[in-house]
Amino acid sequence: MSESNGSSVWVGDLDRCIGIDFDRANKRAAERKLLELEFDEIGDMELLAGKAISARQLYEKSIPPSEWRHALHLSEMTIGFNSKKALQHVGEGTESSVSSFVKGMLDLGRPYAIARYARWERLDYPSALTATLPHGIRALLNQLLASEAIPRSREVDASIQAVLGPNGMGSMTAYRRTGLLQAALHRIADQAPAHPGSTKLNLNRMKAMLALARLYFSTIELRLTSIEELRSLLSIYEAERAIARRDYARITTNGRLIRAWRLRHVQPLVNLYPYSIRHGLKRALAHGVADFDRMSLVNELALAHCGIFRMRAAGRARVSAK
Amino acid sequence: MSRVYRFHGPADISAPTEPVLLWKRKKGAVAPMYLIAADAYTITDKSGTRPIETYQFVPGQRSVTLTKRESDLIALSNPGAPPPVALEDLHPWLPEQRYLNDSASSFQALKLIILRFDRHLVCASEYCDEKWNTICNALRQKSVLDERFYTAWHLPIQDVHVLEERRLDRSVVSIDFNGMYLACMQQLFPKPSGLRLVRLDRYLSESEVLTSGLYRCIMEGPLTDFIIRHNPFRSFHLGRHFRARLDEPVEVDLNEFEVEFYRRHFQSIRLVEAVISDGVVSHPLAKEVCRSFAKRCNYRNQGNKALADREKYLATLMTSCAHRPARPRRTFQTRDQAMGALRAAYGIDPPKDEPENATNIWLQRRKGIKLGAKDGFVIVHGPNLRDGSACFLLGQRIVARGRIVLLEMMERILDCAPGVEICYTNIDSIHFSLPTEHLDPVLAWLKSECSDALGSFKIESVTRHGLWLEPGRYWLYSDDVEKFRNRSVGDQKHPFKDHAIHVVSRQLGKLHVPIRVTLRMERTMSPSRSLTTNPDSIPIRQHLIEIGNATTVEEILDELEQNQEHFTPIRIEAFADLRERMNSSRFAASKREEDAKIM
């Protein structure tokens, strides 16, 4: 026995109605066709290192064409258009596409890297964020000095400034520069007449301060403007890690022995960046040719944006599922 | 259909309720000022001069320096501590003070300024509160329909039509209205407590006189060349305002005087509904701003620039003091609910093809309304349109009247001589160019009409040429630059500054961290306008991106990118070119002088 009303059919064998909404199925097929057309229209997007991605692949990773287009827009505006020489009239408006790309990628992921670093080092996020600002790290150091009751003077400021000082540190990693800051703080404590000396500095406070300082130096060394600079930074870290690996000295904190203590901390901040950005930078490093095609750079940055969008959406879904 | 509103469209109609009482604001105690001065190495206060590192924030007092430069120096030398505020920021009307680079003499200068002006120093927010209380006393209550005036079109006329006027046979004239908004406050306003919604659904008849109120109109068929070329309507999209297309019907909320103006520019105007009031009231501060304007003229005639500027500043505060709503936070379970609330309350209704992330980005950049997330909830932070904390009708009608005053003047200017071209308009000023042969009669006409009276206008400058990059960025020049503005970058002395360094203080946790920001002209140039690419077209014309009902996000993104790629460099080039010409002509002039001396 079968009874049909509208778009559902009674199927006796199953003892229930089965929807046969042809309209909806047709509509879906038409939409799908339209989407396919759009995919074909967008075509393949060239990436760096000879790689490419298609709109279809992105859609499978739940990035619809409209979102890709928007990411592309953000990326276009960041990388800028320097085909014309006009901007040279006005000072520093002339960044090449590559330097805008490198800066754009590093800026995009920085907040996430800071948050991850803060979690890893058990720092609170506002302090971590403060530490990455040039005057923020000084604010934190002032706070430390105030809580140790060491008065600020021009000499104290100068010796801190000398360590924080922007560049000219050559091949020194953030880890080593933090060591210099630690030494400077000890010296200041020893020289301060009212302070009992470096051995009496509050341990927890110093630990947090040094972690913040390392974050500061790590963000400073990521102020890069070319792929070459990124490559040399990574090779400095590789060399430093090789030394640290041979370093069998065990450092005790809280009475525990920890092997390769230094190795844990000798890491560029890039390692804490979201994957979408690290993959993009990896492709840029693997790009064999010296000159970069602007379009590939734009696509790479747009893809990083999409990765971040996905990550944020996943985060939201996780929170609301709780 | 193009829609012209503050955001995408109208808000939902709220259920009619009793009028709400307007709330007065309580007077808060203002912390006393603690005077301090600085140079690069030292600070000076009442207890003497000492190193700048020893600056300490005194709780319960406001540290005040004379100049912004000094407060920046203190902030940069003492990161973490709350920086002092600059007197020139608190009271922008004070005579310009120069940074002296010596804290002891700066301190003397600061004390002198306080001695001279102490009784004239009023705190802006306190002043606004006081004037708002006057408004509350006069109006007592408002209808909730007042919220319509918030969602209605709120922008003043701001447009650039020409990039540069360099033709030899033409001149550039700029005029400015005197106290535009103060004059607009003298009109009558519908009584806020008596507002009611009426359904009209008919075409505007020819000789109809409309009751005072806000009419939802659908206008069709632009008739005049004026309205097509100087189309003032703006539609909201992707966080920006673009030009609304006129080849499709335009839906817009207009005040009765605006309907009156546009009726001759459109074939038909359909009135859908209206928020009207049978009673009318004058602005509670109308008389007071008149007095203020009279005082300002008086001070100016006495050569007291500071107090004249002070009156101007206070009058500006009075025009906007009814528009300071409470901004509560509302919490929602999901983003969809939050977006639904934004649509219902403010008419924020992003088109379907706008990606969620794009919406997030422009919503986050806004000051007034914010969408945030905390602990898995979605938080909307926005003005309360329905309580008694503000009355939007007053401000909206002031701006709307200003638009009409400016548009009417533009029409008259275009008719005053053949070959006149409007180059630039901004709130209360119009720059136009015309063939020099007609300059004398036009100036004679303008001079016969202009005066110092409130609401009249004055001729600001007559030059041979002009360069207009975008609203707020122009240079009017002949042999030398005579009048210029360079929004967010320039100062009053150097016409060709192309970047500015600001120090902003950001509070993170307990620490106040100074951040140095460099604003560059090319980075702050809006990509919303294109330029004519036809090489035969002189002058080069500017066109704001035009959008209609069917415009897609993709089309807008394409246009923004193209404008940024092709036309920002042309603007920067024109600026650099002018700078070069002016510098070389100045060099030539000083050389001539030197030669003359030798002879």
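Calculation criteria
Residues numbered from 1 in each chain as written. Chains lettered and ligands numbered in written order. Predicted model: local features only at pLDDT ≥ 70, side-chain atom pairs only at ≥ 80, totals over all residues. Heavy atoms only, no water. Helix = DSSP H or I, 4+ residues; strand = E, 2+ residues; numbered from the N terminus. Rg over C-alpha atoms; globule rule 2.2 N^0.38 Å. Buried < 20%, exposed > 50% of the residue type's maximum accessible area, 1.4 Å probe, protein only. Contact = heavy atoms within 4.5 Å. Areas by Shrake-Rupley, 256 points an atom, 1.4 Å probe, with all protein chains shown as cover. Lys, Arg positive; Asp, Glu negative; His and termini not counted. Charge placed at Lys NZ, Arg CZ, Asp CG, Glu CD. Axes fitted to C-alpha atoms, helices over the stretch in contact; angles between N-to-C directions. Parallel < 35°, antiparallel > 145°, perpendicular 65-115°, else oblique. Left-handed = near helix turned anticlockwise from the far one by under 90°. Nonpolar A, V, L, I, M, F, W, Y, C, P; charged D, E, K, R; others polar. Pairing = 2+ DSSP bridges. Polar contact = N/O pair within 3.5 Å; in protein donor to acceptor, adjacent residues only side chain to side chain. Buried area = accessible area lost by both parts, 1.4 Å probe. Salt bridge = Lys/Arg side-chain N within 4 Å of Asp/Glu carboxyl O. Core = buried A, V, L, I, M, F, W, Y, C linked by side-chain atoms within 4.5 Å. pLDDT = per-residue confidence, 0-100. Expected span 1.5 Å × (residues − 1). Phe/Tyr/Trp six-rings, centres within 6.5 Å; stacked < 30°, edge-to-face > 60°. Lys NZ or Arg CZ within 6 Å of the ring centre and 35° of its normal.

Engineer: Give me the lowdown on the overall build of chain B, citing residues and values where you can.
Structural biologist: A tally of helices and strands in chain B yields 15 helices and 34 strands. Rg of the C-alpha trace for chain B: 26 Å, near the compact-globule value of 25 Å for 599 residues, within the 12% margin. In terms of principal-axis extent, the alpha carbons of chain B reach across some 75 × 65 × 50 Å. Here chain B, with 599 residues, has 53% of them falling under the buried criterion. Long-range contacts, defined here as pairs at least 24 residues apart, represent 75% of the contacts in chain B between residues at least 6 apart. For chain B, the exposed area adds up to about 27200 Å²; of that, 51% sits on carbon and sulfur atoms. Averaged over its 83 positive side-chain charges, chain B has a centre that lies 7 Å from the centre of its 77 negative ones.

Engineer: Lay out the overall build of chain A in plain terms, naming residues and giving numbers.
Structural biologist: Broken down by element type, chain A carries 13 helices and seven strands. Evaluated residue by residue, chain A yields a buried proportion of 44% over its 322 residues. Looking at chain A alone, contacts between residues at least 24 apart form 64% of all its contacts between residues at least 6 apart. Here chain A has roughly 17600 Å² of accessible surface; of this, 54% comes from carbon and sulfur atoms.

Engineer: An account of the packing of helix 4 (residues 97-120) of chain A against helix 13 (residues 294-321) of chain A is needed here, citing residue identities and associated values.
Structural biologist: Residues and elements named next belong to chain A. Between helix 4 and helix 13, the shortest axis-to-axis distance is 9 Å and the interhelical angle comes to 15°. Taken as axis vectors, helix 4 and helix 13 run roughly parallel relative to one another. Crossing of helix 4 over helix 13 shows left-handed handedness. Of the residues in helix 13, those touching helix 4 at Ser97, Val98, Phe101, Gly104, Met105, Leu108, Tyr112 and Arg116 are Arg294, Leu297, Glu300, Leu301, Ala304, His305, Ile308, Met311 and Arg312. Here the contact of helix 4 with helix 13 is composed, by residue class, of ten nonpolar, three polar and four charged.

Engineer: With reference to specific residues and values, describe the sheet that holds strand 28 (residues 473-477) of chain B.
Structural biologist: All names here are of chain B. Strand order in this open sheet of four strands is 11-27-28-29, and the pairing throughout is antiparallel. The open sheet is flanked by strand 11 (164-165) and strand 29 (481-486), the only strands paired with a single partner. Pairing of strand 11 with strand 27 (residues 465-470), which is carried by two bridges, proceeds in the antiparallel orientation. Bridging across to strand 27, Glu165 finds its partner in Gly466.

Engineer: Any details on the side chain of Arg473 of chain B? Residues and values, ideally.
Structural biologist: All names here are of chain B. For Arg473, the position within the fold is in strand 28. Looking at Arg473, its side chain comes within polar contact range of the main-chain oxygen of Arg487, at 3.1 Å. A polar side-chain atom of Arg473 sits 2.7 Å from a polar atom in the side chain of Thr524. For Arg473, the residues in contact, after removing those within four places along its chain, are Tyr424, Leu467, Trp468, Arg485, Asn486, Arg487, Ser488, Val489, Met521, Thr524 and Met525.

Engineer: Account for the interface of chain B and chain A, with residues named and values stated.
Structural biologist: Contact with chain B, which involves 43 residues of that partner, is made by 36 residues of chain A. Looking only at chain B, the three residues that lose the most surface to chain A are Glu53, Asn357 and Glu561 of chain B, adding up to 16% of its buried area. The interface formed by chain B and chain A holds four salt bridges in total. Two residues, Arg154 of chain A and Glu53 of chain B, come together in a salt bridge whose shortest N-O distance is 3.8 Å.

Engineer: I'd like to hear about the nonpolar core, residue by residue, with values.
Structural biologist: Residue and element names in this part refer to chain B. Formed by 109 residues in total, the largest nonpolar core has its most connected members in Met219, Phe233, Tyr262, Leu342, Ile430, Phe432 and Leu446. In terms of residue count, the dominant contributor to this core is helix 13 (residues 392-416) (eleven residues). Here Leu342 is in contact with Gly347, Ile348, Leu363, Ile369, Leu371 and Val380, once residues within four sequence places are set aside.

Engineer: Quick rundown of the pattern of salt bridges? Include the residues and the values.
Structural biologist: Residue and element names in this part refer to chain B. As enumerated under the stated definition, the model contains 63 salt bridges over all chains in all. A salt bridge links Glu421 to Arg170; the nearest nitrogen and oxygen atoms lie 4.0 Å apart. Of the two residues, Glu421 sits in strand 24 (residues 421-426) while Arg170 sits in strand 12 (residues 170-177), which places them 251 residues apart along the sequence. The buried category is assigned to Glu421, whose relative accessible area is 9%. Note on Arg170: relative accessible area 7%, which makes it buried.

Engineer: Break down the confidence of the model for chain B for me, with residues and values.
Structural biologist: With 98% of its residues at a pLDDT of 70 or more, chain B has an overall mean of 93. Per the prediction output, this complex has pTM 0.89; the corresponding ipTM is 0.89.

Engineer: Quick one: what's the story with the confidence of the model for chain A, residue by residue and with numbers?
Structural biologist: Here chain A averages 83 in pLDDT, while 83% of its residues score no lower than 70. Under a pLDDT of 50 for its full length, residues 84-94 of chain A has, in the predicted model, 20 contacts with residues more than four places off or in other chains.

Engineer: Lay out the packing of helix 4 of chain A against helix 12 (residues 275-286) of chain A in plain terms, naming residues and giving numbers.
Structural biologist: Residue and element names in this part refer to chain A. It is at 10 Å that the axes of helix 4 and helix 12 come closest, and there the two elements cross at 160°. Here helix 4 lies roughly antiparallel to helix 12, going by the angle between them. Judged by the sense of rotation from one axis to the other, the crossing of helix 4 with helix 12 is left-handed. Packed against helix 4, whose contacting residues are Phe101, Met105, Leu106, Leu108 and Gly109, the element helix 12 presents Ile277, Gly280, Leu281 and Ala284 at the interface.

Engineer: Give me helix 4 (residues 124-139) of chain B: which residues, what numbers.
Structural biologist: Residue and element names in this part refer to chain B. With 16 residues, helix 4 extends 22 Å from end C-alpha to end C-alpha; this agrees with the ideal 22 Å at 1.5 Å per step. If you check which residues of helix 4 are buried, you get Tyr127, Cys128, Asp129, Lys131, Trp132, Asn133, Ile135, Cys136 and Leu139. Packing partners of the buried residues in helix 4 comprise strand 9 (141-142), strand 20 (280-282), helix 9 (286-301), helix 10 (305-320) and helix 13. With its phi angle positive at about 60°, Arg140 sits one or two positions after the end of helix 4.

Engineer: I'd love a proper account of the packing of aromatic side chains, names of residues and values included.
Structural biologist: All names here are of chain B. On inspection of all chains with the given rule, the structure shows 15 aromatic pairs over all chains. When the ring of Phe233 is compared with that of Phe266, the centres are 6.1 Å apart and the planes differ by 65°; the resulting orientation is edge-to-face. With Phe233 in the loop between helix 7 (225-229) and strand 16 (234-237) and Phe266 in strand 19 (residues 266-276), this pair connects stretches of sequence that are 33 residues apart. In this pair, the class of Phe233 matches that of Phe266, namely buried. The ring of Trp93 has Arg310 lying over it, and the distance from NZ or CZ to the ring centre is 5.8 Å. Here the basic side chain of Arg403 rests over the ring of Trp153, its NZ or CZ set 3.7 Å away from the ring centre.

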